[in-house]
Structures are given as structure tokens and as C-alpha cells.
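# Reading the structure
Given next are the chains, with one letter for each unit.
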Amino acid sequence: MGHRWCKFFSECKQKAVYRIPHSNLALCKDHFLKNVEKRVKKLVEKKHMFHPGANEKVLLALSGGKDSQVLLTVLKNLYPEGVQFEGLYIELGIAQHGYSADSGVIAAELCRKLGVPFHVINVKEDYGLSIDDINWAKRQFALHKWPMGKMGHFKGECSYCGMLKRYSINKYAAENDFFAVLTGHNLTDESTALLNNFLNMDLMFLSRPGPMVDSKHELLVPRGKPLFYVSEEEVMMYAYFAGIPHLPTECPYSLQSPNQKLKAELKEIESHRRGNMISLMRRYYKVMQPVLKAELPKKTREERRCSVCGMPTFSKKCSFCRTLNTLVKKHREARELLAEVEVTIPDYPGGGETS
Ligand code: Q46
Ligand code: ZN
Ligand code: ZN
């Protein structure tokens, strides 16, 4: 930006380095960092994501990416004491470009630096499948045109990955008495998801609460998103100005996500309607979402416990166990079918006996 002075020049005598899109405030580095922290603090306390000073255990889902690295840093700056933050990293088993290996190291390193306990869940060890395994099975079925049976088709990797992460983080938090789980979802991701749900007219998703999902159920831990009103650009700038290490690359599967294109289009709108994203989200969750929620019929079915994992569900098995079971079966089936193909396909044209 040009040579403008910080809005709070009388305090800092600094040049502005960034302009906050929705408020048009031109700020120096220190005042920008404070501005983001102030907004996060306001949302955390307004939504009672946790209670500062009460020494509650709060679990942060870490991925080594900019969002969760910034979230942990901001929260430790805001609340150096009075809250027991702990980090949980989910090892998803994504080998391409060393994605999983590098992201785990980066998340662990920040926790060590900030004195935050660091935990790891390995989805392959705990649930029998990595994200790469799901991708491998999906590619084998497509390549060999094997019939999909009752499953119909594979969804995108991100859909299974999101399910695995949500389930395992909640389970870990419930089993270890955490008061809340916090994730690094930012304003840009959340606006993209809202737009996607709107385009699909997915009323169930549209009626879901915004920055905080509360729960009265002892097995469902409340989930908060303290960066809900901080844009991706602001998160990047915060990471840059505060010198926070984070994985510079995106997950290789993110490029295949249909939301990527929508996100680019939303950013394009934002580029000529600065601040539009935040006002859209604020108004939606203040005005539209409560109306929609009140209008939608409540679930009247009896709540039960999943016969496999014991989590709350409305059917015999919860949707996580059903999906996981199908994926494990499909992965096994692909290995067996491939072994058959390898045995029966001759290694040279013409085939037949070699001697
Ligand atoms: S890690 Fe998983 Fe993301 Fe990779 S597979 Fe998709 S959801 S993009 S945040
Ligand atoms: Zn300043
Ligand atoms: Zn289950």
C-alpha cells in the first residue's frame, strides 16, 4: 500500500502496512496484529467458546497450515494463562510432496515453542484407512471400470477427510474431558461453504449455526471457530507479520475440491466489493439462519447409541461407522480384484503359455 500512516499514528509513529478491508482502517504491523486479536477475543467471549480464567481444557485442531498455526498463536497471546490449551494433530496419511510428514512436524514445533501439549491421532492406525488409501481405491475402481455396487460412487477425498477429522477430534475431546474444540476455519472458507450450500439449496446445512456449535450431549463436545470473521488474506498477513511458521503448500487434494473454484469466484467479487464477505456472513447468521432454523422441522426420531462405536445417532449405526465400513470394504475389494487382474492378464501381447 502507498505511504499512508497508521490510523493510530499518535501512539506508534508507524507507516501503515495493511488496510482492513471491511473497516478501511490503515494499520501498522503492530496495530494490525492487535486488531485481529481484538476481533478474535470479542467473538470467543461473545459466543462463550471457553471462559478465560476458569482453567478449562480446550483442544485445538492443528494441521500445520496457516489457519490453525495463527489460531494457536493468537489464543496464546490473548490468554497466556487461565486456559489449558492443547493441540491435536490428525495424521491423515497424505504422502504427496511430504504433506502429512511436514505438516505434523510444523504443528509439533509450534506447540513445543508455546509450551502447549501436543497429541497425534493416526487415522490409518485407528480406523484402518489413510486418505491416500481412499484415493487409491477410488482410482482403481475408475481405472478398471469395476462395478461400484450399493455404494454408487466415491465422493471427493475432502468429504471423507472432513468426516474422519470431525469424528476423531470429537471422540478424542469427549474421551479426554475437553470443554471445547476449536478449529482454524476462516471467513473465506466459511463464506465459500455458505455459498456452496446456498447454490445447492441445502437447507439443513444452511440452518447450521455459525461460529459456535453448542451441545448439551456429553459425547458431543462444543465446537468453536474463533477465526470465523477473519479473512484468509488477513490470516496470511498475520502469519507473515508475526513470523509464524506454517506449511507453505496446500494439501494436494484441495485442488480437486469443487469449492476451490467457488472460493476463487468469491475472492473475485470481494476484490471489487471490499468487505462484502464479512457483512454477508454477519447478516446471514444474525438474520437469516435463525429464521431458517425455526422454520425447519425438528427431528422427531428417537436418539440412540451407535451399535458399533456408541456415539449418538438416529439409526442403528452412526453415519461415520456406516461410511467407514463401506470404505474399508471397497479398499479390500480393490486389492482383491487387482490381484485377480494381475494374475489373469498376460504380461505380453498374445498371452498364453510361455514355455
Ligand atoms: S486435508 Fe483433507 Fe483438507 Fe486435504 S483432503 Fe481435503 S479436507 S484438502 S483441509
Ligand atoms: Zn500503528
Ligand atoms: Zn458409530
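So, here's what we can say about the structure. (Residues numbered from 1 in each chain as written. Chains lettered and ligands numbered in written order. Predicted model: local features only at pLDDT ≥ 70, side-chain atom pairs only at ≥ 80, totals over all residues. Heavy atoms only, no water.)

### A look at the sheet that holds strand S8 (residues 223-224)
By way of backbone hydrogen bonds, the strands of a sheet pair with one another, either parallel or antiparallel. Here we have 6 strands laid out as an open sheet, ordered S5-S4-S3-S6-S8-S7, and mixed in their pairing. At either margin of the open sheet sits one strand with a lone partner, and together these are strand S5 (118-122) and strand S7 (212-213). Alignment of strand S3 (residues 56-62) against strand S6 (residues 180-182), held across 3 bridges, turns out to be parallel. In the strand pairing of S6, Leu60 is matched with Leu182. Helix H3 (residues 66-78) contacts S3, strand S4 (83-91) and S6 of the sheet and is inclined by roughly 155° relative to S3. (Pairing = 2+ DSSP bridges. Helix = DSSP H or I, 4+ residues; strand = E, 2+ residues; numbered from the N terminus. Contact = heavy atoms within 4.5 Å. Axes fitted to C-alpha atoms, helices over the stretch in contact; angles between N-to-C directions.)

### Some points on the coordination of the zinc ion (ligand 2)
Around the zinc ion (ligand 2), the protein contributes the donor atoms Cys6 (SG), Cys12 (SG), Cys28 (SG) and His31 (ND1), at 2.1 to 2.3 Å from the metal centre. Sequence positions of the residues that donate to the zinc ion (ligand 2) give the spacing C-x5-C-x15-C-x2-H. Remark: His31 occurs in helix H2 (residues 29-46) and Cys12 occurs in helix H1 (residues 9-12); sequence separation between them is 19 residues. A relative accessible area of 18% places Cys12 in the buried class. (Donors = N, O, S within 2.8 Å, 3.2 Å for Na, K, Ca; no water. Buried < 20%, exposed > 50% of the residue type's maximum accessible area, 1.4 Å probe, protein only.)

### Observations regarding helix H11 (residues 259-272)
One turn of an α-helix holds 3.6 residues; hence residues three or four places apart share an orientation. Over its 14 residues, H11 runs 21 Å from end to end, which matches the ideal 20 Å to within 8%, given 1.5 Å per residue. Along H11, the residues classified as buried are Leu262, Lys263, Leu266 and Glu270. All buried residues of H11 lie within an arc of 100° about the axis, which places them on one face of the element. Seen from the open side of H11, the exposed residues pointing more than 90 degrees away from its buried face are Lys261 and His272. Tucked into the core, H11 has its buried residues touching helix H8 (187-199), helix H10 (232-242) and helix H12 (276-295). (Expected span 1.5 Å × (residues − 1). Arc of directions from axis to C-beta.)

### Focus on the packing of H2 against H10
Contact geometry of H2 with H10 gives a least axis separation of 10 Å together with a crossing angle of 130°. Viewed along their axes, H2 and H10 adopt a mutual orientation that is oblique. Note on packing geometry: the crossing formed by H2 with H10 is left-handed. Contacts between H2 and H10 involve Lys29, Phe32, Leu33, Val36, Glu37 and Arg39 from the former and Glu234, Met237, Tyr238, Phe241 and Ala242 from the latter. Its residues assigned to classes, the contact of H2 with H10 shows 7 nonpolar, no polar and 4 charged. (Parallel < 35°, antiparallel > 145°, perpendicular 65-115°, else oblique. Left-handed = near helix turned anticlockwise from the far one by under 90°. Nonpolar A, V, L, I, M, F, W, Y, C, P; charged D, E, K, R; others polar.)

### A word on the side chain of Arg39
In this structure, Arg39 sits in helix H2. Arg39 has contacts with Ile20, His22, Tyr229, Val230 and Glu234, leaving out every residue within four places of it along the chain.

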